[in-house]
Amino acid sequence: MHRVDIDHERDTMEQPPPPAAEQTQLERRKGTLASKFLLVNISSNLLLAYQSLGVVYGDLGTSPLYVYRSIFVGKLQNYQTSEAIFGAFSLIFWTITLIPLLKYVFVVLSADDNGEGGTFALYSLLCRHAKFSLLPNQQAADEELSAYKYGFSGPSTSCLPLKRFLEKHKKSRTVLLIVVLLGACMVIGDGVLTPAMSVISSMSGIQAATEHLSHGGVLLLSCIILVGLFALQHSGTHRVGFLFAPIVTIWLISIFLIGLYNTIFWNPKIVSALSPYYIIKFFKETGKDGWVSLGGVLLSIAGTEAMFADLGHFTATSMRIAFPFFVYPCLVVQYMGQAAFLSKNIASIPNSFYNSVPDSVYWPVFVIATLSAIVGSQAVITATFSIVKQCNALGCFPRVKIVHTSKHIKGQIYVPEINWILMILTLAVAVGFQDTTLIGNAYGLACMTVMFITTFLMALVIIFVWQRSVALSTSFLLLFWLIEGVYLSSAFIKIPQGGWVSLVLSFAFLTIMFVWHYGTRKKYNFDLHNKVPLKWLLGLGPSLGIVRVPGIGLIYSELATGIPSIFSHFVTNLPAFHSVLVFVCVKSVPVPFVSPEERFLIGRICPRPYRMYRCIVRYGYKDIQRDDGNFEDLLIQSIAEFIQMEAVEPQLSSSESPSFDGRMAVISTRSVQSGSTLLVSEEDFGISNSIQSSKSLTLQSLRSACDDENPQMRRRRVRFHLPENPGMDPAVRDELSDLIQAKEAGVAYIMGHSYVKARRSSSFLKKLVIDIGYSFLRKNCRGPAVALNIPHISLIEVGMIYYV
C-alpha cells in the first residue's frame, strides 16, 4: 500500500504541467468566483446596513429634536449666549465622536459572542473563559461545542491572579451578576422611556405651529401613536426594518440638508467649534452649572447601546458601514446647523429644532420627524426583547412566551408579555410627566448607566477573553470611565427632577431577575444534594423492585448528572414504572446557538438490562425551542444510534465503570433523521402514537376529542423497524427491539410539580424572597410543561416540596 502511494506520487510528479493558457483560464475562474463571493458579501452587508437604519439608529437619529432644549434648562438659562452655544455644540460633537464612534464602532462591536451583542453576551463570554457562573450545571462536554471556544484562546498568565480571585470568592461573582442584571434592567427601562420621550418631542411640532391645539391634545395624539407602535411589534423586526428604514433614511438626509443650510445661511463660523478649545471656554464661563447641563448633552448619544444590543439582528460590518459613513455625518451637520441658527436666534432655544426648519419645508419635516420618532422607539424595544430572551435562557428571568418572527434570521423575536407591560408603563410615564425635560432626565440616567456597565464588562473581556495585558484593559477602563463618569455624575444630580423613574423601574426589574435567579439556584442545589444514590438503584435490580409496564417514561429534570429525587418519590408511591426510562435534561449553555449536530447528548444509566438512559438537550441563550412535533422520534432515533455506537466503541460502554453513569456521546439530530440505525415509515394518523397503541378505550377517546378541538396538532405517525442485519449483536438487537416496543406502547412525560419553601431556620429576608417573591413569580409565569412544549394529554406531574 505504501509502495502504491509512492508510485502514484511519482506518476503525478511526472505528468507535464498544464499549458499556460489553461493555467490562466483556471486563475481567471478562481478570480471570478472570488469576486462574485466578495460582491455578494458586500451587497448583503449593504442591505443589512440599510435595514439597520430602521431598527438601530432611529433613536440616535431623533435626538436633535430635544438635545439643545434639554441643555439650556435650569440655571444654564442665564448663560444663553453665542459663546455658550458654540461650547454646547463642541461638547456634542466630541461626545458623539468618542463614545458611539470610537468606543462602540471600533471596540465594543468587536466583542460579539458568535455574532450576538449586549451585556449578557459579554457575560456569557466571561463565563466561558472563567468560572463566573453561579449555577453549577457546567459539564466538560459543553466545552466541546463548536460555538464555545469563540475568540482568542491559549493560556495567559497575566490574568491568573484576578481570575482565581473572582472564581474563589462567591460574593465577587454575585456582584458581577448583579452588575450585569442592572445593565439589562436599564435597557428595559430605556424601552419604557424612549417611546414616550421621542413621540412627545416630535408631536410638539404641532403645538409650535398651531395655536389652537392644547398640550392635552398633543398628549392624546402621542398616546394613540404609542399604542399603535406597540401593537405593530408582533409583525417582527424583519418587516418593521423594511418598513421603517426608508423613513429614517429620508429623515437623516433631511436633517443633514437642513443643518447644512443653517450653517451656511446663519453662521458659517460655527465650524470652528469643532475644536475642543470651545469646551474649555464653555466650562470657564458656566462652571458648575455647565457640569449640570451635561445631563442634556448625553441625550445626543442616547440609543447608542442599541447598536450593540441589536447586533444579533444584523452584523458588525453592517453597523460599521451605516454609522460612520451615514448616520454620524448627518448628526454632526444637523447639530452644527442648529447651533449656527441658535447663535443668531437665542430666543428659539425652547423649540430649537422646529424653529430652525425653513418655513417652506416645515410640514413635510414634521411628518418625517413624527414617523422617525416612532422608528426611534423601535430600536430599544427590539433590544429589550433580546435582553429578556437572554435573561430567560440563563435563568435570570421568569419563563415568558418567545415568538420567533423570522424563518431566516434567528435573533429576531417578539415577547408578547413584555411588549404589553412596556406599553402600559410607557403610557403611564407619558401621562404622568407630560414634560420631555423630566422624562429626559430619567432617560439620560438609564442610557449612561448602561454605557458605564458596558465599559466595565469590556475591560474584563479584554483581559479574560482577548487575553490582552491588564495595563491595556485598565487604560481602556480609565479613559472611558473618566468620560462617562462625568456625564453619569451630572445625570445623578437630576434624580429628584425625574431621574428617579429610571431607578424605580430598574430596581423593580432587578428585584424580579435576582429573586428568580436566587430561587432557581437554590432549587437546583437542593436537587443536586438530594440525588438518588446509584447503589440504591442497583440494589433494586433491573425490575427496580416493581412492575415494569410497557412504554417509555421521559423523566424531566434540571440535573445534568445523577438521578433526581423525583424518581425515588415516584417509585416509592406508585407500584409500576415504564420498561424504558429516559432522564431528560433541557439545559441552556452560555453560547448563543447550539447547532443541530450537537443538540443531543446521550448516555446510559446503570447496566444494559435496566434500560435506563440519559438525554441532555442543549440550547443556547438565543435558540428558540420550537415545537416541531417530532421530539419523541428524534429522541428514540438518538438512543438507538447511541446503542449501536456503544456496541462498536468499547470506550462508551459502562461495564468497566462501577458508577455506570457519566459516559455520554453527542448524537447528531441530522444524522439520525437519515435513519442509519432504525428503518422509519410514516402514515397519516390523527391520533398521537403515544395513545393510539394503548388498549385503553378511554385514553383513545380523550385523544380523539383533543385532536378534534385542535386539528392543527394532528401529525403523521412514525413507526420504527429493525433493519435486516444478520451481523448485528444479539444483545443490541434485543435492546433495540425493546426500545421499539416501548415506543409503540406509548410515551409518558413525567415532571416535578415543585413547591419551593424556605426552611424554618431561615432568616426573615430569605423567607420573604422564597416564600413570597419566588413563589409568586412561579405561579404567574409560564409553566415548565408549556415552555418545553410537552403534550398535556401525556403529562404526569409529581408534587414535591423543596425546603431550601
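Residues numbered from 1 in each chain as written. Predicted model: local features only at pLDDT ≥ 70, side-chain atom pairs only at ≥ 80, totals over all residues. Heavy atoms only, no water.

### Looking at the overall build of the chain
To be explicit about the condition: What counts as a helix is a DSSP run of H or I of at least four residues, what counts as a strand is a run of E of at least two, and both are numbered from the N terminus. Using a 1.4 Å probe on the protein chains alone, a residue whose accessible area is under 20% of its type maximum counts as buried, one over 50% counts as exposed, and one in between counts as partly exposed. Contacts are assigned to residue pairs with any non-hydrogen atoms lying within 4.5 Å of each other. Where accessible areas are quoted, they stem from the Shrake-Rupley method and a 1.4 Å probe; at the residue level, only the protein chains shown are allowed to cover.
Scanning the chain from terminus to terminus reveals 30 helices and 11 strands. Burial analysis of the chain (804 residues in total) assigns 56% to the buried set. Here the analysis covers contacts within the chain between residues at least 6 apart in sequence; of these, 84% occur between residues at least 24 apart. For the chain, the exposed surface amounts to about 34,600 Å²; the carbon and sulfur share of it is 63%.

### Overview of the sheet that holds strand 4 (residues 576-588)
Keep this limit in mind: When DSSP finds at least two bridges between two strands, those strands are taken to pair. Think of each axis as a best-fit line through the C-alpha atoms, taken over the contacting stretch in the case of a helix, with angles from 0 to 180 degrees between the N-to-C directions.
Taken together, seven strands build an open sheet; the order of strands is 7-5-6-4-3-10-11 and the sheet is mixed. Edge positions in the sheet fall to strand 7 (664-667) and strand 11 (795-803), since each has one partner strand and no second. Between one strand and the next, the sheet's axes are offset by a mean angle of 25°, whatever the strand orientation. Strands strand 10 (747-757) and strand 11 of the sheet are contacted by helix 21 (residues 495-529), whose axis makes an angle of about 95° with strand 11. Each of strand 3 (547-556), strand 4, strand 5 (600-605), strand 6 (612-619) and strand 10 touches helix 28 (residues 730-745); the most contacted strand, strand 3, lies at about 80° to it.

### Description of empty space enclosed by the protein
We count it as follows: Method remark: on a 1 Å grid restricted to protein atoms, a set of points is classed as a cavity if a 1.4 Å probe fits but cannot get out and as a pocket if it is open with protein on both sides within 12 Å along at least five of seven lines; lining residues have an atom within 4 Å of a point. Grid points are joined across faces, edges and corners, and a volume is the space filled by probe spheres set on the points. Nonpolar residues are Ala, Val, Leu, Ile, Met, Phe, Trp, Tyr, Cys and Pro. Charged residues are Asp, Glu, Lys and Arg, and all others, Gly as well, are polar.
Taken as a whole, this structure holds six cavities of 30 Å³ or more when the rule is applied. In this model, the largest cavity occupies a volume close to 70 Å³. Every residue along the wall of the largest cavity is listed here: Asp 59, Val 187, Asp 190, Gly 303, Glu 305, Ala 306, Ala 309, Val 380 and Ala 383. Secondary structure elements with two or more residues in the lining of the largest cavity: helix 8 (170-209), helix 14 (305-309) and helix 17 (362-393). In terms of residue count, helix 14 provides more of the lining of the largest cavity than any other element does, three residues in total. Of the residues in the lining of the largest cavity, the class split is five nonpolar, one polar and three charged.

### Digging into the packing of helix 24 (residues 631-648) against helix 28
In plain terms, the rule: Convention used here: angles under 35 degrees read as roughly parallel, angles over 145 as roughly antiparallel, angles from 65 to 115 as roughly perpendicular, and any remaining angle as oblique.
Closest axis-to-axis distance for the helix 24/helix 28 pair is 10 Å, and the angle between their directions is 170°. Taken together, helix 24 and helix 28 sit at an angle that is classed as roughly antiparallel. On helix 28, the residues touching Glu 632, Asp 633, Ile 636, Ile 639, Ala 640, Ile 643, Gln 644 and Ala 647 of helix 24 are Val 732, Glu 735, Leu 736, Leu 739 and Lys 743. Along the lines of polarity and charge, the residues of the contact of helix 24 with helix 28 split into eight nonpolar, one polar and four charged.

### A closer look at the nonpolar core
As a reminder, the rule being used: In these notes, a set of buried Ala, Val, Leu, Ile, Met, Phe, Trp, Tyr and Cys residues joined through side-chain atoms within 4.5 Å is what counts as a nonpolar core.
The biggest cluster of nonpolar side chains holds 169 residues, and the ones touching the most others in it are Tyr 57 and Phe 323. Not counting residues within four places of it along the chain, the set of residues in contact with Tyr 57 comprises Ser 52, Met 307, Met 319, Ala 322, Phe 323 and Val 327.

### Some thoughts on the side chain of Ser 490
In plain terms, the rule: Two N or O atoms form a polar contact when they lie within 3.5 Å of each other; inside protein one atom must be a possible hydrogen donor and the other a possible acceptor, and for residues adjacent in sequence the pair counts only when both atoms belong to side chains.
Structurally, the position occupied by Ser 490 is in helix 20 (residues 470-493). Overall, Ser 490 belongs to the buried group, its relative accessible area being 0%. From its side chain, Ser 490 meets the backbone oxygen of Val 292 in a polar contact 2.8 Å long. Once residues within four sequence positions are removed from consideration, Ser 490 is found in contact with Trp 291, Val 292, Ser 293, Leu 294 and Gly 295.

### Topic: the packing of aromatic side chains
Put simply, the rule is: Pairs were defined over the aromatic rings of Phe, Tyr and Trp, the Trp ring being its six-membered one, requiring ring centres within 6.5 Å. Orientation was assigned from the angle between planes: stacked under 30 degrees, edge-to-face over 60, tilted for the rest.
Evaluated as defined, the whole model comprises 28 aromatic pairs. Note on Phe 120 and Tyr 123: the rings are 6.2 Å apart at their centroids and 85° apart in plane angle, and the pair reads as edge-to-face. Of this pair, Phe 120 and Tyr 123 both sit in helix 6 (residues 119-129), separated by three residues, roughly a single helical turn. What makes Tyr 123 buried here is its relative accessible area of 6%. Here the aromatic rings of Tyr 261 and Phe 265 are separated by 5.4 Å at their centres, their planes lie at 10°, and the arrangement is stacked. In this pair, Tyr 261 and Phe 265 are both assigned in helix 10 (residues 237-266), four residues apart and thus about one turn of the helix distant. Judged by its relative accessible area of 40%, Tyr 261 is partly exposed. The exposure class of Phe 265 is exposed, given its relative accessible area of 51%. Taken together through their ring pairs, the aromatic side chains of Trp 251, Phe 353, Tyr 354, Tyr 362, Trp 363 and Phe 366 make up a single cluster.

### Considerations on a nonpolar patch on the surface
In plain terms, the rule: Surface patches are defined over residues having more than 30% relative accessible area and no salt bridge, joining like charges when they lie within 9 Å and nonpolar side chains (Val, Leu, Ile, Met, Phe, Trp, Tyr) when within 5 Å. Any carboxyl oxygen of Asp or Glu that lies within 4 Å of a side-chain nitrogen of Lys or Arg is treated as forming a salt bridge with it.
On the surface, a cluster of nonpolar side chains totalling about 460 Å² of accessible area is made up of Phe 764, Leu 765, Leu 768 and Ile 772. Inspection of the secondary structure puts Leu 765 in helix 29 (residues 764-780).

### Focus: the side chain of Ser 506
Following the sequence through the fold, Ser 506 ends up in helix 21. Taking the relative accessible area as the measure of exposure, Ser 506 reaches 2% and is therefore buried. Ignoring any residue separated from it by four or fewer positions in sequence, one finds Ser 506 in contact with Leu 182, Cys 185 and Met 186.

### Concerning the pattern of salt bridges
Side-chain pairs of opposite charge can arise where the charged atoms are in close proximity. A complete count under the given rule lists 10 salt bridges for this structure. In this structure, the salt-bridge partner of Asp 527 is Lys 523, at a minimum N-O distance of 3.9 Å. Of the two residues, Asp 527 and Lys 523 both sit in helix 21, four residues apart, roughly one turn of that helix. Taken as a pair, Asp 527 and Lys 523 share a single burial class, namely buried. Between Arg 604 and Glu 646 there is a salt bridge whose closest N-O contact spans 2.5 Å.

### Quick notes on the environment of Thr 454
Inspection of the secondary structure assignment puts Thr 454 in helix 19 (residues 436-464). The buried category is assigned to Thr 454, whose relative accessible area is 0%. Sequence spacing of Thr 454 and Val 180 is 274 residues, and the spatial spacing of their C-alpha atoms is 8.7 Å. In this view, Thr 454 contacts Lys 103, Tyr 104, Val 108, Thr 119, Leu 122 and Glu 305; residues no more than four positions away in its chain are not counted.

### Remarks on the environment of Gly 54
Residue position: Gly 54 is located in helix 2 (residues 20-55). The exposure class of Gly 54 is buried, given its relative accessible area of 0%. Once the C-alpha coordinates of Gly 54 and Ser 372 are considered, the two residues, 318 residues apart in sequence, prove to be 8.7 Å apart.

### A look at the environment of Lys 163
You can see Lys 163 is positioned in helix 7 (residues 160-168). For the pair Lys 163 and Ile 463, spaced 300 residues apart in sequence, the C-alpha to C-alpha distance is 9.5 Å.

### As for the confidence of the model for the chain
For the record, the criterion: Confidence scores per residue from the predictor, reported as pLDDT, run from 0 to 100.
Within the chain, residue pLDDT values average 81, and 82% of them lie at 70 or more. Per-element averaging of pLDDT across the chain places helix 1 (residues 2-14) at the bottom with 41 and helix 5 (residues 82-105) at the top with 94. Taken together, the stretch residues 1-15 has pLDDT below 50 and engages in zero contacts with residues farther than four places along the chain or on a different chain. In the model, residues 654-659 has pLDDT below 50 throughout and makes seven contacts with residues more than four positions away in sequence or in other chains.

### Section: the state of the cysteines
Threshold: Cysteine sulfurs are considered disulfide-paired once they come within 2.5 Å of each other.
As enumerated under the stated definition, the model contains zero disulfides in all. Lacking any disulfide linkage, Cys 185 is separated from the closest cysteine sulfur, that of Cys 391, by 7.2 Å. Overall, the relative accessible area of 0% leaves Cys 185 in the buried class. In this model Cys 585 remains outside any disulfide bridge; the closest cysteine sulfur is found in Cys 615, 9.0 Å from its own. A relative accessible area of 2% places Cys 585 in the buried class.

### Topic: helix 18 (residues 416-433)
Here is the rule: Take the residue count of a helix, subtract one, and multiply by 1.5 Å to get its expected span. Here the arc refers to the set of directions running from the helix axis out to each C-beta atom.
Counted at 1.5 Å a residue, the expected span for helix 18 with its 18 residues is 26 Å, and the 26 Å between its end C-alpha atoms agrees. Of all the residues in helix 18, the buried ones are Pro 416, Ile 418, Asn 419, Leu 422, Met 423, Thr 426, Val 429, Ala 430 and Phe 433. Buried residues of helix 18, viewed axially, fall in a sector of 155°; they line one side. Exposed residues on helix 18 whose side chains face more than 90 degrees from its buried face are Ile 424 and Gly 432. Of the residues one or two after helix 18, Gln 434 is the one with positive phi, at around 60°.

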